[in-house]
Amino acid sequence: MARIGIFGAGYVGLVTGACLADLGHDVTVRDVLPERIAELQAGRVPIHEPGLEELIARNRERLRFTLDVREAIEGAEFLFVCVGTPPLPSGDADLAAVWTVVDELPGVETPLTVVMKSTVPVGTGEKVRTALDGRGLQHVGYVSNPEFTAEGSAVQDFMHPDRIVIGSFRAADGDAVEQLHEGIEGEVVRTDVASAEMIKMASNAFLSTRISFINEIANVCELVGADVTDVARGVGLDHRLGPHFLRAGIGFGGSCLDGRETVLARLGGRVWLTRLDRLFAELVGPQDVYAIRPEGLEVLAWRPDGEAPEFLPVAAATRRRYQGPMFEVKTKMGRRVRCTADHPFVVADAQGGNIRLKLAEVLTAEDWLPLAQGAAVEETPRPLDVLAGMRAVGLASEDVIVRPDRRELAAVGAPAIRETLGELGRPRTRAGDILRSGALRLREAEAIGLPLHHAGYGTVKNGTYAPAAIEPDEEFWRIVGLYIAEGHAVAGQHRLQWCFHPHAEYDLVEEVLRFWQFRGVKAVWQQAATSAKVYVASRLVVGWWLGVLGLGANCYEQRLPDDIWTAPLKHKRALLGGLWRGDGSWSYVNRGPSVTLEYGTVSRELADGLLRLLGDLGFVGSLRVGRTKKSTCDTYWLRISGADQVERLLELVPERDRASIQASLAMQQKRIAPTGYRRHEGPTAWARVVEVGPTPSSGWVYSLEIPQAHTFVTTGGLVTSNCFPKDVSALKQLAGNRGYHFQLLAAVIEVNELQKRRIVQKLQKYLGPLNGTKIALLGLAFKPNTDDMREAPSIVLASRLIAEGAEVRGWDPVADATALMPSLRQCGTPLEAVAGADAAVIVTEWPQLADEDWPALAAAMHRPLLLDGRNFLDPKEALRAGFVYEGIGRSVAWDGALERDPSL
């Protein structure tokens, strides 16, 4: 018999070790958790798995448990890797524990075979083999032997498997592992390592596909009057399909944002900041659709180990109708995001470690959320097309007057001009007028073929003329910043106007005048008692300014132009400089020496853009939202604090004030970083969560899937995560990393997430608003016969019910959910859970529930409503017990059926 070392004393490791010991092998199980090893050494099994405790007790002489790596490896012929590989925020598997095992291998001289039981991405074996060879351990073999044990029946599955998959680089290693399983009846599949890894991932994904398929059929059954249990039985009798995993239910183990949350999108060279609802509407047009796979669309995403945010492809965009509370996640820096209770966020601790995912409703003040920092893209500026403003104001070439270079016009000559006019059906005699005035219609100039490189364009002969294009240099972006701060468009007059202090801002007046006049554009200065104004009157310029650049017509509509997102960093700083000089301010904090820079706006879109723009430049601004006296709308105040940040942005304040600010900052005995955000290693800043609470909502909610990062950057630069189950998303992530979009699995994930939401909708159908109701969840674990709560549907369901204002109780015979769901009250018996409840939901089909006294449970409830999320009970028996009963995929709720049909 063989000597075997096992790394990992979780579900897989303990079952593998106990079963191999039962086959007669000498097994040492090693783990890094002292409390777990202490329990095992004392004869206690720390997890619930039927038959496992008896198996370990029976094989005590052949089983040892240790924290010592050397004890596990010494004398071992096989080393089984059974460690966890949870998903990272990016969606990839976290292989840190796997690589720790590999790194802990000493320079063994005797033959040893590493056997990978952990679920790992395809290609992991090849990487491990390369690492072993690089350390001179060519004599150490490697075999992929994936586990196919289901929690709740793991011992039975190991000892009586459907198949034993063995993938090896060398046949001899595979032979040795196959011999370890002697005494187990099951077909052996011998293959290469990559294929063995893929068999594991593909099997889990296919099972999930079957579950989602029957759940979709169940939803249709409810609409057409069919019973999904009969449908599933009829389908399962087809020998080509089989009955397994054709059982409708809540789903296997989901989430959305408010449509007003924003993303930075890129499509076909265009980059723009937009709300999720507007993005979806732009993608689908008038179609009434709920999901789309947008070709070529990218959004700004974030990776924990990335140097800067990056644009990554969107695999799917979805929306759904939602009624109920949305959770508003607020951070110390004022950023806030509205989402469903179960939306996941990437979080870290105060030191930037322990990066993981947490649902919105369970975020606490101990959690820190990432803020994207650094520009994703910087392109060489290209001339901005002023003539594109024609389309924005509905002008055709016939409506535009052009003044070309007179020398080029004279070079064409009167004969050529007369000939062209004749071809256009116009009086040839106009040729003389054109040569004398130097002006003609754009359509005429195009027909003549005039060079128009140095031409001016207008709409009236004596009006304002503008060049065809303007170079977006630093001066241009300062003028844009000044317009955002001090400008507006005068309705009906086709006029852009900058308004400054009547006496104190002549330098800004001169700057705007100089900019336009240098480019041949007529700009007018008007002095009034209360202001000094500069305006440019031109339909073309206004059309380009508002309709192409995308600037706002007034302070309520102001936003950053789309072109700024691809501009060089110095141009972004120039825009901020103009904006702050126009309407920004600075002040001492508590009379000094600390200083803050502040800017206020009534435009939510502008505030969002400015926070993102500051992030591009590596600054963290804070946001405060409130209303000034007599105001009818919110004001958004942006603040930049911290001595280091203020010093690096001194160009935002008037030159005359810079020396005073520097002198004040120099007086600080200790430079204390602003509270509420921190920087650790890398470019990312982290903002602390300060409050999470529900607010009522009704309407559409939206979600994006970005496979390569599994995150995207939303409002104010805050990073949020996608939400997809681990087993299915692992295969999707693998395909995405290789450039392939697995469309079928994307649909599987969507169906699964929607299925859990239907339970809440069914409860609302009977009870109306759930605020103040009492709901009992029967069964909390991921599945029966296990205490594992990972990816359990009860977590999502309880979160949503609590978000709706319901009091949620739960019962489970072995699983403890209190750590994951502190707002849930866990009860010791089903009767205690349902006492006084308005509804009960069967979430996990524990066998114990079959023996319950259901009439007693119905009598104990305030309203005897039972939603069978697993179609576990016989509806007729539930009716006889006194329940109003509804399952999944059954056409009618079984309420009042006894009165209609006494035979029941």
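Throughout what follows, the structure given in this document is the object of discussion. On a predicted model such as this, the values are computed, not experimentally measured, just so you know.

Conventions and cut-offs
- Residues numbered from 1 in each chain as written.
- Predicted model: local features only at pLDDT ≥ 70, side-chain atom pairs only at ≥ 80, totals over all residues.
- Heavy atoms only, no water.
- Core = buried A, V, L, I, M, F, W, Y, C linked by side-chain atoms within 4.5 Å.
- Buried < 20%, exposed > 50% of the residue type's maximum accessible area, 1.4 Å probe, protein only.
- Helix = DSSP H or I, 4+ residues; strand = E, 2+ residues; numbered from the N terminus.
- Pairing = 2+ DSSP bridges.
- Axes fitted to C-alpha atoms, helices over the stretch in contact; angles between N-to-C directions.
- Contact = heavy atoms within 4.5 Å.
- Salt bridge = Lys/Arg side-chain N within 4 Å of Asp/Glu carboxyl O.
- Parallel < 35°, antiparallel > 145°, perpendicular 65-115°, else oblique.
- Phe/Tyr/Trp six-rings, centres within 6.5 Å; stacked < 30°, edge-to-face > 60°.
- Lys NZ or Arg CZ within 6 Å of the ring centre and 35° of its normal.

A short note on the nonpolar core
- Formed by 79 residues in total, the largest nonpolar core has its most connected members in Phe476, Ile484, Trp498, Trp516, Trp544, Trp545 and Leu560.
- In terms of nonpolar packing, the next biggest core, distinct from the first, is built from 50 residues, Leu763, Ile775, Val843 and Phe883 among them.

Describing unusual backbone geometry
- Even without being glycine, His494 reaches a positive phi, approximately 50 degrees.
- Structurally, His494 can be placed in the loop between β26 (487–490) and β27 (495–500).
- On the basis of relative accessibility, which here comes to 34%, the residue His494 falls in the partly exposed class.
- Positioned with a positive phi, Asn590 is a non-glycine residue whose angle comes to about 50 degrees.

Here's the deal with the sheet that holds strand β2 (residues 26–30)
- What the 8 strands build is an open sheet, ordered β3-β2-β1-β4-β5-β6-β7-β8; its pairing is mixed. In this open sheet, the two strands that pair with only one neighbour each are β3 (63–66) and β8 (187–191). Here the strands of the sheet are splayed against their neighbours by 25 degrees on average, with no regard to which way each runs.
- The pairing of strand β4 (residues 78–81) with strand β5 (residues 112–116) spans 4 bridges and is parallel. If you follow Leu79 over to β5, its bridge partner there is Val114.
- Of the strands in this sheet, β1 (3–7), β2, β3 and β4 touch helix α1 (residues 11–22), which is tilted by about 170 degrees from β1.

Quick notes on the side chain of Asp616
- Its location among the elements puts Asp616 in helix α21 (residues 604–616).
- The class for Asp616 is buried, based on a relative accessible area of 12%.
- Other than its neighbours up to four places away in sequence, Asp616 contacts Gly374, Ala375, Trp565, Leu569 and Lys572.

What to know about the pattern of salt bridges
- The final tally for this structure, using the stated rule, is 45 salt bridges.
- Between Arg30 and Glu104 there is a salt bridge whose closest N-O contact spans 3.0 Å. Taken as a pair, Arg30 in strand β2 and Glu104 in helix α5 (residues 96–104) lie far apart in primary sequence, 74 residues in all.
- The partner of Glu328 in a salt bridge is Lys330, with the nearest N and O atoms 3.9 Å apart. Accessibility assignment for this pair places Glu328 and Lys330 in one class, buried.
- If you follow the salt bridges from partner to partner, you end up with Glu398, Arg426, Arg430 and Glu444 in one network.

Concerning the sheet that holds strand β10 (residues 262–267)
- An order of β11-β10-β13-β14 is seen for the 4 strands of this open sheet, with the pairing classed as antiparallel. The outermost strands of the open sheet, each flanked by one partner alone, are β11 (270–275) and β14 (310–313). Taken pair by pair, the neighbouring strands of this sheet meet at an average axis angle of 40 degrees, ignoring direction.
- As judged from the 4 bridges shared by strand β13 (residues 298–301) and β14, these two strands associate in the antiparallel manner. Bridging from a neighbouring strand, Glu298 pairs with Pro313 of β14.
- Where helix α11 (residues 276–284) meets the sheet, its contacts fall on β10 and β11, and the angle it forms with β11 comes to roughly 125 degrees.

Observations concerning the packing of helix α17 (residues 474–486) against helix α19 (residues 539–548)
- Running from N to C, α17 and α19 point in directions that differ by 80 degrees, and their axes come no closer than 14 Å. Taken together, the axes of α17 and α19 are roughly perpendicular relative to one another. Contact residues: Phe476, Ile479, Val480 and Tyr483 in α17; Trp544, Trp545 and Leu546 in α19.

As for the environment of Ala2
- Within the element layout of this structure, Ala2 appears in the segment before β1.
- Given the relative accessible area of 7%, Ala2 is considered buried.
- Each C-alpha atom of the pair Ala2 and Gln179 lies 9.7 Å from the other, and the pair is 177 residues apart in sequence.
- With near-sequence residues (within four places) excluded, Ala2 lies in contact with His25, Asp26, Glu77, Phe78 and Leu180.

Brief notes about the packing of aromatic side chains
- Per the counting criterion, the structure on display carries 18 aromatic pairs.
- Judged by centre distance (5.5 Å) and plane angle (70 degrees), the rings of Tyr483 and Trp498 are edge-to-face. With a gap of 15 residues between them, Tyr483 in helix α17 and Trp498 in strand β27 connect regions that are remote in the sequence.
- According to the relative accessible area criterion, Trp498 is buried, its value standing at 0%.
- Following the ring pairs from residue to residue traces out a cluster consisting of Phe476, Trp477, Tyr483, Trp498, Phe515, Trp516, Trp544 and Trp545.
- Note that Arg270 overlies the ring of Trp272, its terminal NZ or CZ placed 3.8 Å from the centroid.
- We note Arg624 situated over the ring of Trp637; from NZ or CZ to the ring centre the distance is 4.4 Å.

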